[in-house]
Number of protein chains: 2
Amino acid sequence: MTKQIKFFAFDFAGPAHLSAGIWKHPLDRGHEYKSVKYWVEYAKLLEKGCFDGIFFADNVGYHDVYNGSYEEALKDAAQFPANDPAYIIPAMAAATEHLGFGVTSSTAYDHPYSVARKFATLDHLTDGRVGWNVVTSYSDSAAKNLGSGTQRSHDDRYGHAEEFVDVVLKLLEGSWEDNAAVVDREKGIYIDPTRVHEIHHEGEHFKVPGIFMCEPSKQRTPVIFQAGGSSRGVALAAATAEAVFTNATSKAGLKKQVDNLRQQAAAAGRDPNHVAVVQMMTVVTGRTDEEAQQRYEEYKKLVSYDGAMARYSGWAGLDMSTFDPDVPLKHVKTNAGQTMVDLFSKMDPTKEWTPRDIAEYIGIGGTSPVIVGGPETVAKELQSWVDETGIDGFNLGNAIKFQDIKDFIDNVVPELQTRGLMRTGYDGSTLRENIFGQGNARLASDHPGAKYHKTSA
Amino acid sequence: MTKQIKFFAFDFAGPAHLSAGIWKHPLDRGHEYKSVKYWVEYAKLLEKGCFDGIFFADNVGYHDVYNGSYEEALKDAAQFPANDPAYIIPAMAAATEHLGFGVTSSTAYDHPYSVARKFATLDHLTDGRVGWNVVTSYSDSAAKNLGSGTQRSHDDRYGHAEEFVDVVLKLLEGSWEDNAAVVDREKGIYIDPTRVHEIHHEGEHFKVPGIFMCEPSKQRTPVIFQAGGSSRGVALAAATAEAVFTNATSKAGLKKQVDNLRQQAAAAGRDPNHVAVVQMMTVVTGRTDEEAQQRYEEYKKLVSYDGAMARYSGWAGLDMSTFDPDVPLKHVKTNAGQTMVDLFSKMDPTKEWTPRDIAEYIGIGGTSPVIVGGPETVAKELQSWVDETGIDGFNLGNAIKFQDIKDFIDNVVPELQTRGLMRTGYDGSTLRENIFGQGNARLASDHPGAKYHKTSA
């Protein structure tokens, strides 16, 4: 049987996400991000298109590295402004039955008790359709505005994050037995207190002695997503993620990443197939190859150099304004000790990248690969990514909001469905079942959260 | 002209709120709190009933003082379980056009930058219909599970809360000029960076140097609600609240509270009419006085002594299990140094209250007064509360969820409308206009947040 490919729409609660300057296109609807009606319309479109879910990126900081200022980031709406995406989900859930909702939530500036309550609430309101992308946050601006002024070191962030996730799992899986809420009107017992347990967590970063405040929801624990690419990040993902977002720029590189991740998951005692891999991808399409190419040319003309550099400087922690746009970058060191060649050579090691090359590349879809073509071209290319790398699906970015995904649904989805590569309807009712099949609403038994799970006395 | 009375439905994101044991009534729908469809149906009912808004209480702790345990609290679902109510709001907003949404959010375990972002997001998604009830939190259990293990002292909590609100106001009013988002597709400028300003906040509790991440919303600042009854709480309310929730047990006591609050608001340089007062009230009604009385008798039979004591012990910080249920409490000292007589004598100083009297009183609607009667009886009594105390409206609790408010809307609302005491439709579109009239979408000019407001360069 042909393996069906999973699709998530990659989005952001602001006018413009990874693409730079493309919001100027007349068909872009990014400025509608403030309207609940916009998101409801989008949710209905995605469910009609049989998407597994929508996935919201988030970051509590802003880009202020380029020119040492946020000026160009603001001009191009570079991941800014940014509302809190978690609040959009319940409105989209009320308008749909099957679509899943992944959302980024950082471990840096919140408490695991609050985060557990947030996701329990969202899993109730979506009736089991929510996922949590665990991130540790990278912006100095966030640290300045929300924290003590400086970020934790990279390793310390991961130690903190590991314990954070552990506390959340204990609260969601380990405090309540499944049938603790008996709602017995005759005996006058709503909750049987013998079936609710204190978690007694005492760790390096958190002390949480008590019981959890929320009833178990359909999934209990949201589907755990992660995206970390560092060795510590991959280790955390291999241990606790159920789905990993990758952002590889070549199939060969992606295959290595997938193999490494699955090996580490197996070494951690998990079935490697219990970690789904979802690769970021940007598709520019139309009814034909020609139409797609024409739209792509329109986008290319709109790319903003400064908007791209404002983003890239923030991601790399390196002020790109200090380099000549047209001189190749060879041995420039970044904060993280990598050279610019390291960062971009994974795309094309033979090329000498200039800042302008980088801007043109990331201007459309960020560091994601881009596929341009009509239905057949796109379907074939997507299938080859899956076949050659072992991934499970795609996190579909956009250059312009709403219309790019609508074009994909109108043109590519029917082609994928005809080829048996995409679902034509939904079987299960939860996000976890969208990913792992009907009957898998709860954490797999080999997930570290499963050991905390309380079934019944 | 007759003064129109404001109405909010007082609710909670759990199966049972202040009433004890009444969830056993066959018409109660509290157990549906997990369903987004339930809340959408409720929102439509409230808007049909011309309510000004729904108001969500919240508390991040649970009751574990009675018997030194959470056992009886769990059995009676005493404000437990409790989802995070803020996530319900966008779904209710998508289904309505005018209904407002007040929600409690504590200053104790969150950061003002995150809270400002939360309310900016909610104000966008509701298109200007959100309010923030500022509380400082009182539960030891919350402090144990989310904090360092002990609560701040009462005065320290208020100092912290005052600075917290100040930071939120600076972010919401002071960082962006109204027209900073120019969205100029020709010039390629989404936000004019010269119209976004760093707030440079440096205080005792918080350092927030940067810019805010969210565009100004229709109200910019949510309507600020407060409920504190202590002298420090009243001072904070007089200085910054636009609406104050009171929970008086007699008209005479309420009039004193209202007069004191308005005097303090005036002393703080504000128009006393810019602070609306909304009294908590529980109404048990039906088509006739007899029907209402019959329902009330049904409720009384369902009151749970232990459920009421679990709540009351938590509120008073005093384990009520140490007293004989039928012996009058005279000089028992509470944690706060009050005697039990102090606490209950404000209701009826001539009465000698036993624990059982207290349970019967608070079992239906908590410490709120209760009006029982058909449409005319209730309308007259509500009007007399307004006329004799100078309040602006009511925060309407319930004994059973959904049905009590539906009965009020079916029976009392038409009677109030006939008498010119309640709106028959909506004029403005924001929560602040629901309270203060059309054209008042933004903070009044005498509010402390207004001095931060950035209009235009």
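### Here's the deal with the overall build of chain A
Line of reasoning, step 1. Broken down by element type, chain A carries 15 helices and 13 strands.
Line of reasoning, step 2. For chain A, the exposed surface amounts to about 16,000 Å²; the carbon and sulfur share of it is 47%.
Line of reasoning, step 3. Across chain A, the centroid of the 47 positively charged side chains sits 1 Å from that of the 61 negatively charged ones.

### Let's talk about the pattern of salt bridges
Line of reasoning, step 1. Counted under the stated rule, the structure contains 61 salt bridges over all chains.
Line of reasoning, step 2. Notably, a salt bridge pairs glutamate 215 of chain A with lysine 34 of chain B, separated by 3.1 Å at the nearest N-O pair. Of this pair, glutamate 215 of chain A sits in the loop between strand E8 (207-208) and strand E9 (223-226) while lysine 34 of chain B sits in the loop between strand E1 (6-12) and helix H1 (36-48), each in a different chain.
Line of reasoning, step 3. Note that glutamate 415 of chain A is salt-bridged to arginine 419 of chain A, the shortest N-O span being 2.7 Å.
Line of reasoning, step 4. Glutamate 415 of chain A sits in the buried class, given a relative accessible area of 19%.

### Details of empty space enclosed by the protein
Residue and element names in this part refer to chain B.
Line of reasoning, step 1. Inspection of the entire model under this criterion finds 7 cavities of 30 Å³ or more.
Line of reasoning, step 2. Of the pockets and cavities examined, the largest cavity occupies roughly 70 Å³.
Line of reasoning, step 3. Lining the largest cavity we find Pro15, Ala16, His17, Leu18, Ser19, Ile22, Trp23, Asp28, Asn398, Ala399 and Lys401.
Line of reasoning, step 4. For the lining of the largest cavity, the class distribution of residues is 6 nonpolar, 3 polar and 2 charged.

### Section: the relation of the copies chain A and chain B
Line of reasoning, step 1. Once turned by 180° and shifted 0.0 Å along the axis, chain A lies on chain B with an RMSD of 0.0 Å. Viewed as a symmetry operation, the transformation between the two copies matches a two-fold axis. For chain A, the minimum C-alpha distance to the rotation axis belongs to alanine 91 of chain A and amounts to 2.0 Å.

### Here's the deal with the packing of aromatic side chains
Line of reasoning, step 1. Scanning all chains against the criterion turns up 49 aromatic pairs over all chains.
Line of reasoning, step 2. Relative to phenylalanine 402 of chain A, the ring of tyrosine 42 of chain A lies with its centre 5.5 Å away and its plane at 40°, an arrangement referred to as tilted. Placement of tyrosine 42 of chain A in helix H1 (residues 36-48) and of phenylalanine 402 of chain A in the loop between strand E13 (393-396) and helix H14 (403-418) is noted, with a sequence separation of 360 residues between them. Of the two residues, tyrosine 42 of chain A and phenylalanine 402 of chain A, neither departs from the other in class, the shared state being buried.
Line of reasoning, step 3. Judged by centre distance (6.2 Å) and plane angle (90°), the rings of tyrosine 62 of chain A and tyrosine 70 of chain A are edge-to-face. One exposure class covers both tyrosine 62 of chain A and tyrosine 70 of chain A, and it is buried.
Line of reasoning, step 4. Put simply, the rings of Phe8, Phe10, Phe55, Phe225 and Phe245 of chain A touch in pairs and so form one group of aromatic residues.
Line of reasoning, step 5. Across from the ring centre of tyrosine 452 of chain B, 4.6 Å away, lies the NZ or CZ of lysine 451 of chain B, which sits over that ring.

### What about the interface of chain A and chain B?
Line of reasoning, step 1. At the junction of the two partners, chain A supplies 70 residues and chain B supplies 70 residues.
Line of reasoning, step 2. For the pair chain A and chain B, the summed buried surface comes to about 6,300 Å²; carbon and sulfur atoms form 61% of the total.
Line of reasoning, step 3. Looking at the side of chain A facing chain B, the largest losses of area belong to Tyr87, Arg185 and Tyr190 of chain A, adding up to 14% of the total buried there.
Line of reasoning, step 4. Applying the counting rule to chain A against chain B returns 6 salt bridges.

### Overview of the pairing of strand E10 (residues 243-246) of chain B
All names here are of chain B.
Line of reasoning, step 1. In E10, alternate side chains face the same way, and those of Ala243 and Phe245 on one face and Val244 and Thr246 on the other are all buried.
Line of reasoning, step 2. Sheet analysis places strand E9 (residues 223-226) next to E10, joined by 2 bridges and oriented parallel. Bridge pairing in E10 links phenylalanine 225 to alanine 243.
Line of reasoning, step 3. With 4 bridges connecting them, E10 and strand E11 (residues 276-285) associate as parallel partners. The residue bridging valine 244 from the neighbouring strand is valine 277, located in E11.

### Observations regarding unusual backbone geometry
Backbone geometry follows two general trends: most residues other than glycine have a negative phi, and most peptide bonds adopt the trans configuration.
Residues and elements named next belong to chain A.
Line of reasoning, step 1. Backbone torsion omega between phenylalanine 80 and proline 81 reads -5°, so that peptide bond is classified as cis.
Line of reasoning, step 2. Note on placement: proline 81 falls in the loop between helix H2 (71-75) and helix H3 (89-94).
Line of reasoning, step 3. Backbone geometry at asparagine 67 places phi at a positive 60°, although glycine is not the residue there.
Line of reasoning, step 4. Within the secondary structure, asparagine 67 sits in the loop between strand E2 (53-57) and H2.
Line of reasoning, step 5. Positive phi values are uncommon outside glycine, yet valine 183 reaches one of about 45°.
Line of reasoning, step 6. Checked against the element boundaries, valine 183 lands in strand E5 (residues 181-184).

### Considerations on H1 of chain A
Line of reasoning, step 1. For H1 of chain A, spanning 13 residues, the distance from its first C-alpha to its last is 19 Å, which sits close to the expected 18 Å at 1.5 Å a residue.
Line of reasoning, step 2. Buried within H1 of chain A we find Val36, Tyr38, Trp39, Val40, Tyr42, Ala43, Leu45, Leu46 and Glu47 of chain A.
Line of reasoning, step 3. Buried-residue contacts for H1 of chain A involve strand E1 (6-12), E2, H3 and H14 of chain A together with helix H3 (89-94) and helix H4 (112-125) of chain B.
Line of reasoning, step 4. Between the side-chain oxygen of the N-cap and the backbone nitrogen of lysine 37 of chain A there are 3.2 Å, and the N-cap of H1 of chain A in question is serine 35 of chain A.

### Thoughts on the environment of isoleucine 224 of chain B
All names here are of chain B.
Line of reasoning, step 1. Inspection of the secondary structure assignment puts isoleucine 224 in strand E9.
Line of reasoning, step 2. Along the sequence, isoleucine 224 and lysine 44 sit 180 residues apart, while their C-alpha atoms lie 24 Å from each other.
Line of reasoning, step 3. Isoleucine 224 has contacts with Trp132, Val134, Thr240, Ala241, Glu242, Ala243 and His447, leaving out every residue within four places of it along the chain.

### Examining the confidence of the model for chain A
Line of reasoning, step 1. When pLDDT is averaged along chain A, the result is 92; 93% of the residues meet or exceed 70.
Line of reasoning, step 2. Here the complex is predicted with pTM 0.96, and the ipTM for its interfaces comes to 0.96.

### Topic: the nonpolar core
Line of reasoning, step 1. Grouped together as the largest cluster of nonpolar side chains are 232 residues, with contacts concentrated most on Phe51 and Phe408 of chain A together with Phe51 and Phe408 of chain B.
Line of reasoning, step 2. Setting aside its immediate chain neighbours within four residues, phenylalanine 51 of chain A contacts Phe7, Phe8, Ala9, Leu46, Leu99, Leu396, Ile405, Phe408, Ile409, Val413, Met422 and Tyr426 of chain A.

### Quick word on helix H12 (residues 355-363) of chain B
Line of reasoning, step 1. Residues Pro355, Asp357, Ile358, Ala359, Ile362 and Gly363 of chain B constitute the buried set of H12 of chain B.
Line of reasoning, step 2. Note on H12 of chain B: the residue one or two positions beyond its end, glycine 365 of chain B, has a positive phi of about 85°.

### Structural notes on the side chain of glutamate 215 of chain A
Line of reasoning, step 1. Classification of glutamate 215 of chain A by relative accessible area gives buried; the value is 7%.
Line of reasoning, step 2. In this structure the side chain of glutamate 215 of chain A is engaged in a polar contact, spanning 3.1 Å, whose partner is the side chain of lysine 34 of chain B.
Line of reasoning, step 3. Other than its neighbours up to four places away in sequence, glutamate 215 of chain A contacts His124, Trp176, Ala181 and Tyr190 of chain A together with Tyr33, Lys34 and Pro81 of chain B.

### Thoughts on the pairing of strand E5 (residues 181-184) of chain B
Residues and elements named next belong to chain B.
Line of reasoning, step 1. As judged from the 2 bridges shared by E5 and strand E6 (residues 189-191), these two strands associate in the antiparallel manner. From the neighbouring strand, aspartate 184 faces E6, where its bridge partner is isoleucine 189.
Line of reasoning, step 2. The turn joining E5 and E6, which pair antiparallel and follow one another in sequence, is formed by 4 residues; a positive phi near 70° is taken by glycine 188.

### As for the packing of helix H10 (residues 305-316) of chain A against helix H12 (residues 355-363) of chain A
Residue and element names in this part refer to chain A.
Line of reasoning, step 1. Taken N-terminus to C-terminus, the directions of H10 and H12 make an angle of 95°; their axes are 9 Å apart at the nearest point. By the angle class used here, H10 and H12 are roughly perpendicular. Of the residues in H12, those in contact with Tyr305, Ala308, Met309, Tyr312 and Trp315 of H10 are Pro355, Arg356, Ile358, Ala359 and Ile362.
Line of reasoning, step 2. Of the residues belonging to the contact of H10 with H12, the class tally is 9 nonpolar, no polar and 1 charged.

So, how was this worked out
Residues numbered from 1 in each chain as written. Chains lettered and ligands numbered in written order. Predicted model: local features only at pLDDT ≥ 70, side-chain atom pairs only at ≥ 80, totals over all residues. Heavy atoms only, no water. Helix = DSSP H or I, 4+ residues; strand = E, 2+ residues; numbered from the N terminus. Areas by Shrake-Rupley, 256 points an atom, 1.4 Å probe, with all protein chains shown as cover. Lys, Arg positive; Asp, Glu negative; His and termini not counted. Charge placed at Lys NZ, Arg CZ, Asp CG, Glu CD. Salt bridge = Lys/Arg side-chain N within 4 Å of Asp/Glu carboxyl O. Buried < 20%, exposed > 50% of the residue type's maximum accessible area, 1.4 Å probe, protein only. 1 Å grid on protein atoms, 1.4 Å probe; cavity = no way out; pocket = protein on both sides within 12 Å on 5 of 7 lines; lining within 4 Å. Points joined across faces, edges and corners; volume = space filled by probe spheres on them. Nonpolar A, V, L, I, M, F, W, Y, C, P; charged D, E, K, R; others polar. Least-squares fit on C-alpha atoms with pLDDT ≥ 70 in both. Phe/Tyr/Trp six-rings, centres within 6.5 Å; stacked < 30°, edge-to-face > 60°. Lys NZ or Arg CZ within 6 Å of the ring centre and 35° of its normal. Contact = heavy atoms within 4.5 Å. Buried area = accessible area lost by both parts, 1.4 Å probe. Pairing = 2+ DSSP bridges. Expected span 1.5 Å × (residues − 1). Polar contact = N/O pair within 3.5 Å; in protein donor to acceptor, adjacent residues only side chain to side chain. pLDDT = per-residue confidence, 0-100. Core = buried A, V, L, I, M, F, W, Y, C linked by side-chain atoms within 4.5 Å. Axes fitted to C-alpha atoms, helices over the stretch in contact; angles between N-to-C directions. Parallel < 35°, antiparallel > 145°, perpendicular 65-115°, else oblique.

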